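Residue-level listing of the chains:
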Amino acid sequence: FDEVILTPRKNLDLLAGTQMLKLIINDLIVTEMGKEFVLSDSLEKVENNYDYIIVDTTPTQTIMNINAYFFAEEMLIPYWLQPSTFKNMREFVEQ
């Protein structure tokens, strides 16, 4: 992941969601058993270097997002107050 870590200022590192990161993750996921833990396994190696690790994901159910869910200790899920949102949220929680 060193190729995609940006340091815009002191004490702030960003793992940019670039095409390069996507290729790295996809490559690992294709070849790994337990593919939902690829991100967790990688971030566990550096998590003691940080007070917080924030993973921002797209609002879709992708293998990258599933990896983020397995790594997360807590989740913040923003949503619009619409009837379909409650249905989708319930389906997400039930999975």
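Quick look at the structure, then. (Residues numbered from 1 in each chain as written. Predicted model: local features only at pLDDT ≥ 70, side-chain atom pairs only at ≥ 80, totals over all residues. Heavy atoms only, no water.)

Here we come to the overall build of the protein chain. The helix and strand tally for the protein chain stands at four helices and two strands. Taken from the N to the C terminus, the helices and strands of the protein chain come in the order β-β-α-α-α-α. The proportion of buried residues among the 95 residues of the protein chain is 16%. Taking all contacts inside the protein chain whose residues are at least 6 apart in sequence as the whole, residues at least 24 apart take part in 38%. Of the roughly 8100 Å² of accessible surface on the protein chain, a fraction of 55% belongs to carbon and sulfur atoms. (Helix = DSSP H or I, 4+ residues; strand = E, 2+ residues; numbered from the N terminus. Buried < 20%, exposed > 50% of the residue type's maximum accessible area, 1.4 Å probe, protein only. Contact = heavy atoms within 4.5 Å. Areas by Shrake-Rupley, 256 points an atom, 1.4 Å probe, with all protein chains shown as cover.)

So, on to the packing of aromatic side chains. Applying the stated criterion across every chain, the model contains one aromatic pair. Ring centres 4.7 Å apart and planes at 65° place the aromatic pair Phe37 and Phe70 in the edge-to-face group. With Phe37 in the loop between α1 (19–31) and α2 (38–44) and Phe70 in helix α3 (residues 63–71), this residue pair connects regions lying 33 residues apart in the sequence. On the basis of relative accessibility, which here comes to 34%, the residue Phe37 falls in the partly exposed class. (Phe/Tyr/Trp six-rings, centres within 6.5 Å; stacked < 30°, edge-to-face > 60°.)

Purely geometric stuff here, so don't read any function into it on its own.
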